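Notes for the structure review
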Amino acid sequence: MQNRNERILIVEDDPQIRNFICYLLKQEGFSYITVGTAQGALSILVSEQIDIMLLDLGLPDFDGMEVIKKVREWSEIPIIVVSARDQDKEKALALDSGADDYLTKPFSATELMARIRVVIRHLYKVGGTKQLTSLAVGGLRIDLDKRLVYLDNVELHVTPMEYNLLALFFRNIGKVLTTRYIIKEIYGVGYGTDTQALRTLMAGLRRKIEKDPAKPRYILTEIGVGYRLSDE
Amino acid sequence: MVIFRNKEHIYIVRYMLITTCMIAVATGIGWIFRYIAFPETNIVIVYLLFVLMTARFTRGYAYGIVASVIATFTFNYFFTKPYFTFSVNDPTYFITFAIMTVTAFITSTLTSKAKQNALEAQEKEAETSALFQLTNQLTDAANLSDIASIITDTISGIMNCRAACLCFDESGQPEQSFIQQQCAGKQVWRKVDDTAEMKHRIEGLRTAFDVGDEFCDWPIYGREAILGVLRIPKETATTMSESQMRLLHSMIESTALAMDRFRSTQKQQKSREEVIQERYRSNLLRAISHDLRTPLSGIMGTSEMLMDMIDLNDPRYFLAKEIYKDADWLHSLVENILSLTRLQDGRLTITKQLEAVEEVIGSAVNHIMKRSPEYEITINIPEEVLLVPMDAKLIEQVLVNLLDNAVKHTPSDREISVSVIEDKIKNIAVFSVTDQGCGIAASDLPHIFQMFYITHSRQADSQRGVGLGLTICEVIIKAHGGTIEGHNRADEQGAEFVFTLPMEVQNNAEQE
């Protein structure tokens, strides 16, 4: 068991799940604080040094969605939502409000740990991303300076739109980007929520970077929510 | 009828009497004038005055005209030389006669006309106030039978008859009984013998009203449908004057307005209630799903934790694993029931958007591979991007359910495949999930889409199913306007499930 420096805040009112998460985190060597209310979570965030927050949406005092919005007013701390709500709308809403990831109950230990790992990796990159001009995931590499994309060290010809899309994903490795967010970033605010153009653009890009576009290895689809660039 | 005719006779006699008296009085005054030697012209003026009076006190033009002619003749008879004959010595009198007749004629008609106008105005005023009162009362009506009762009462009062009113319900069917006026202030319910016949008769109507044996029926037309029937005894209906008819029509019109207004208020309220109910239902569903999922996650997580702590050879590991498996099964049952409840509410709003087929299939396959990594699932999609309007999340669920079935019935070394092609002629996308498993037993084939149907011809060691997966698939595909069917493969062993989705974008996608 290795010891880790990250401190995780678990906001969950159900003792069973809290125990389960605590056990998992202890196994992995994380230190953690647990709290059962939204109010409590906010006061701990202010007073303690916290690196990651695991947040349940159905809290007894007020909705977890409010916690996300409040926290995002002053902090960039990674938030992983752990909720029993499985509607896409709620997922997308939580992500658009500023949550970094979303896990639906019931979840397995491996799923939770994978999400936490993504967030941690991101945590250390944030400071250095600006200096980094080249980012890679597996055999896919992007050169942000020269605006070039390489697949297995062979330069890939992509259209400017496809490049923008890929760059957006590389700036958010491992993070779920909602369709709405992507459209806003790629096509601009006035474009609305017409997903057709994005679906076509994505299909074109996948045909260039994936061996089998239906079994993507790099850009994964989160049906009803958005996409995520795999981090492995 | 007889009484009515007598009344008319009385009027004629009375008016004739008035005319005669007027002329007699005029002649009397003329006599006095001549006696005190007033000029003859004054006598003419007196006659004119009394002709005018005649017109004033009688009804219609006839009496005035008759009076003017008689007046001229009496003047001729009594006051022109030779007296008491109709002959005249001085031919200039003819001019006097002519002018007298014409003047009397004109003044009498003018008076009659003025009187007629006054009468009409009075009638109109009565009509207006009756209508106003009716509308006022209708505004306070609390329900349809109140409206019917008010119109019955008002019309019975005005027409002096026993009117009745029948309402039609929202589906356009006549209600079971009429509201009928018994006497002033008393109403009774009278049963309709044959409502279907009644409806048929009223709907097929080409004239303004329907004449029956005893009654005449006026339909009350609303904006969209017939709202009711007003029934008036035939004898009253056939003897109605034009103005009464007009009044009746206006009253029916305001009744229709009131009924329409009532209906639309009712509809509004109903839809408001439905919205509230819908919100209540979805809140309930959400609460249930939350309240079941949370403890289930606890059970699954805790048993996972236990499994992690216990050595694989320890018998307790097996127990923990059983807990996990059962909790997992319960979880899928809950999920299935929840999605079916959502879908079968009948109010499922599918938000179709153009989605890339490869993404949906890829996501579903990915889902299955995570659960059963030992299987190999092949995907066959067209080279070109295929965008199909659908609710991606629901279609993903269909594919997951079908693949899940395939995995359950197929050994891990056999092939499972998903493919999609576009049928350009029929303008549909055809999805199929095929396996090389045990296939579907002939006895099961007709029942596979039934709720909670689980095959009985299955080996004992296989996983327990829930029996909702295919039902959910069918509901989702039908809601998309597609078709789904399952059968055994013709070329080799195994089952094949095929579903289609229409390619055209429907309006609701554009509204999004």
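Note that the coordinates shown come from a computational prediction; the quantities given were computed from them, not determined experimentally. (Residues numbered from 1 in each chain as written. Chains lettered and ligands numbered in written order. Predicted model: local features only at pLDDT ≥ 70, side-chain atom pairs only at ≥ 80, totals over all residues.)

1. A short note on the overall build of chain A
Scanning chain A from terminus to terminus reveals eight helices and twelve strands. Across the 232 residues of chain A, 36% fall into the buried class. (Helix = DSSP H or I, 4+ residues; strand = E, 2+ residues; numbered from the N terminus. Buried ≥ 20, exposed ≤ 12 C-beta atoms within 10 Å, placed from the backbone.)

2. As for the sheet that holds strand 3 (residues 186-191) of chain B
Residues and elements named next belong to chain B. Taken together, six strands build an open sheet; the order of strands is 3-2-1-6-5-4 and the sheet is antiparallel. Each edge of the open sheet carries a strand with a single partner, namely strand 3 and strand 4 (210-211). Contacts between helix 5 (residues 144-159) and the sheet are confined to strand 1 (164-167), strand 2 (177-183), strand 3 and strand 6 (226-233), with strand 2 contributing the most and set at about 35 degrees to the helix. Contacting strand 4, strand 5 (215-221) and strand 6, helix 6 (residues 195-203) runs over the sheet at an angle of about 95 degrees to strand 6. (Pairing = 2+ DSSP bridges. Contact = placed C-beta atoms within 7 Å. Axes fitted to C-alpha atoms, helices over the stretch in contact; angles between N-to-C directions.)

3. Let's talk about the sheet that holds strand 10 (residues 176-178) of chain A
Residues and elements named next belong to chain A. Reading across from one edge, 10-12-11 is the order of the three strands in this open sheet, with antiparallel pairing throughout. Of all the strands in the sheet, just strand 10 and strand 11 (219-222) have a single pairing partner and so form its edges. Taking the axes of each pair of neighbouring strands and ignoring which way they run, one obtains an average angle of 30 degrees across the sheet.

4. Digging into the interface of chain B and chain A
Taken together, the contacts link 32 residues of chain B with 27 residues of chain A. At 13 residues, helix 8 (residues 242-309) of chain B tops the list of elements feeding residues into the side of chain B that touches chain A.

5. Some thoughts on helix 4 (residues 88-97) of chain A
All names here are of chain A. Along helix 4, the residues that are buried comprise K91, A92, A94 and L95. With its buried residues spanning 160 degrees around the axis, helix 4 presents them on a single face. Buried residues along helix 4 sit in contact with helix 3 (64-72), strand 4 (79-83), strand 5 (101-104), strand 10 and helix 7 (179-187). In the stretch just after helix 4, G98 is the one whose phi turns positive, near 125 degrees. (Arc of directions from axis to C-beta.)

6. Structural notes on the nonpolar core
Core analysis: the largest hydrophobic core is formed by 98 residues, its most contacted members being V11(A), L54(A), L55(A), I361(B), V398(B), L399(B) and L403(B). Setting aside its immediate chain neighbours within four residues, L399(B) contacts V360(B), I361(B), A364(B), V418(B) and V433(B). Grouped together as the second largest cluster of nonpolar side chains are 32 residues, F178(B), F215(B), I220(B) and M259(B) included. (Core = buried A, V, L, I, M, F, W, Y, C linked by C-beta atoms within 7 Å.)

7. A closer look at the confidence of the model for chain A
For chain A, the average pLDDT comes to 86, and 95% of its residues sit at 70 or higher. The secondary-structure element of chain A with the lowest mean pLDDT is helix 5 (residues 109-126) of chain A, recorded at 82, while strand 3 (residues 52-55) of chain A shows the highest, at 93. (pLDDT = per-residue confidence, 0-100.)

8. Describing the environment of Q49(A)
Topologically, Q49(A) is positioned in the loop between helix 2 (38-47) and strand 3. Sequence-wise, Q49(A) and R7(A) are 42 residues apart; in three dimensions their C-alpha atoms are separated by 7.4 Å.

9. A few points about the environment of A163(B)
All names here are of chain B. Structurally, the position occupied by A163 is in the loop between helix 5 and strand 1. A163 sits in the buried class, given 26 other C-beta atoms within 10 Å. Separated by 70 residues in sequence, A163 and P233 have C-alpha atoms that sit 6.7 Å apart. Contact partners of A163, with chain neighbours within four places excluded, come to T152, I155, S156, Q181, L230, R231 and I232.

10. Structural notes on the packing of helix 2 (residues 40-57) of chain B against helix 4 (residues 93-140) of chain B
Residue and element names in this part refer to chain B. Direction vectors running N to C along helix 2 and helix 4 enclose 25 degrees, while the axes themselves pass 8 Å from each other. In this view, helix 2 runs roughly parallel relative to helix 4, as classed from their interaxial angle. The handedness of the crossing between helix 2 and helix 4 is right-handed. Judged by residue contacts, V44, Y47, L48, V51, L52, T54, A55 and R56 of helix 2 engage T96, M100, T103, A104, T107, S108, T111, S112 and K115 from helix 4. Among the residues making up the contact of helix 2 with helix 4, the classes are represented as eight nonpolar, seven polar and two charged. (Parallel < 35°, antiparallel > 145°, perpendicular 65-115°, else oblique. Left-handed = near helix turned anticlockwise from the far one by under 90°. Nonpolar A, V, L, I, M, F, W, Y, C, P; charged D, E, K, R; others polar.)

11. Structural notes on the pairing of strand 9 (residues 387-390) of chain B
Residue and element names in this part refer to chain B. The alternating pattern of strand 9 places L387 and P389 and V388 and M390 on opposite faces, both of which are buried. Relative to strand 9, strand 7 (residues 353-356) runs antiparallel, the two sharing four bridges. Counted as the bridge partner of L354 is P389 from strand 9.

12. A few points about the confidence of the model for chain B
Residues and elements named next belong to chain B. Summarising the model, chain B shows a mean pLDDT of 82, and 93% of its residues fall at 70 or more. Of the regions scoring below 50 in pLDDT, residues 506-512 engages in ten contacts with residues more than four places distant in sequence or in other chains. Interface confidence in the predicted complex, given as ipTM, is 0.81; pTM for the same model is 0.60.

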